[in-house]
Amino acid sequence: MTDPKLATDLAELEALRRQLMEALLGGVGELDTANLQRRITELEGSLSQGDEDYGRARDSLLTTVKDVRNAIPKDAVLIEYIRYRDYGGPGRFLPRFGAIVVSEKEDPKFFPLAEAALVEKGMEIYAEAVRSNAPDENMKSFLKELGTLIWDPLPDALPDTGKRIILAPDGALNFYT
């Protein structure tokens, strides 16, 4: 994204949406949520009326599950990894990873995965092992541990052998792929 104002507006919109969710879940007063909702509406309005870059941003905000399913090849499944804050009660959120599995024929399925700190630490260890040219046995061990965190919970949603898997990583998974 080359437009700094667009990047700033999208970052603010994401932060405000997160604040609104936390406020609603945490029982913050109506005045605070009304102000957040008003600013979100303003930003969404400016994004929808903006220039060509804003138009692309708007289109990405309006993408539906049907659009995604139609874009997936018939012989493939999409695994969208997301880093999110798992609600643990008022004011308590735990960063985690999850996976949304989407195929052409089935409704999306969500799989909660490991705590973000464990996944991110595993990715750091793996990246360091790659840089230091660690022995194959060590690499197998690191990858097996990481696989238990982000891959093993998904077997029921994975396609038959021979089908393609499209990975869409998020957070630390995106930086080390």
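Up top is the structure.
Scoring rules and cut-offs
Residues numbered from 1 in each chain as written. Predicted model: local features only at pLDDT ≥ 70, side-chain atom pairs only at ≥ 80, totals over all residues. Heavy atoms only, no water. Salt bridge = Lys/Arg side-chain N within 4 Å of Asp/Glu carboxyl O. Helix = DSSP H or I, 4+ residues; strand = E, 2+ residues; numbered from the N terminus. Buried < 20%, exposed > 50% of the residue type's maximum accessible area, 1.4 Å probe, protein only. Pairing = 2+ DSSP bridges. 1 Å grid on protein atoms, 1.4 Å probe; cavity = no way out; pocket = protein on both sides within 12 Å on 5 of 7 lines; lining within 4 Å. Points joined across faces, edges and corners; volume = space filled by probe spheres on them. Nonpolar A, V, L, I, M, F, W, Y, C, P; charged D, E, K, R; others polar.

**Student:** Explain the pattern of salt bridges to me, using residue names and the numbers behind them.
**Tutor:** Summed over all chains, the structure comprises 8 salt bridges. Between Arg164 and Asp75 there is a salt bridge; the shortest N-O distance is 2.8 Å. Taken together, the residues span a long stretch of sequence, with Arg164 in strand E4 (residues 164-168) and Asp75 in the loop between helix H4 (65-71) and strand E1 (76-87) at a distance of 89 residues. On the basis of relative accessibility, which here comes to 33%, the residue Asp75 falls in the partly exposed class. Salt-bridge contacts for Lys140 lead to Glu137; the nearest nitrogen and oxygen are separated by 3.6 Å. With a gap of 3 residues between them, Lys140 and Glu137 both fall in helix H6 (residues 136-150), about one helical turn apart. Across the pair, Glu137 and Lys140 agree in class, each one exposed.

**Student:** Break down the pairing of E1 for me, with residues and values.
**Tutor:** For E1 and E4, the ladder comprises 5 bridges, and the chain directions are parallel. The residue bridging Glu80 from the neighbouring strand is Ala168, located in E4. Taken together, the 11 bridges between E1 and strand E2 (residues 93-103) define a ladder with antiparallel strand orientation. Along E2, the bridge assignment pairs Leu78 with Val102. Between E1 and the antiparallel strand that follows it, E2, lie 5 residues; Gly89 among them carries a positive phi value of about 125 degrees.

**Student:** Can you explain the layout of surface pockets? Please cite residues and give values.
**Tutor:** The calculated volume of the second largest pocket comes to roughly 300 Å³. Of all the elements in the fold, those that place two or more residues in the lining of the second largest pocket are E1 and E2. No other element matches E2, which puts 3 residues into the lining of the second largest pocket. A class-by-class count of the residues in the lining of the second largest pocket yields 7 nonpolar, 1 polar and 9 charged.

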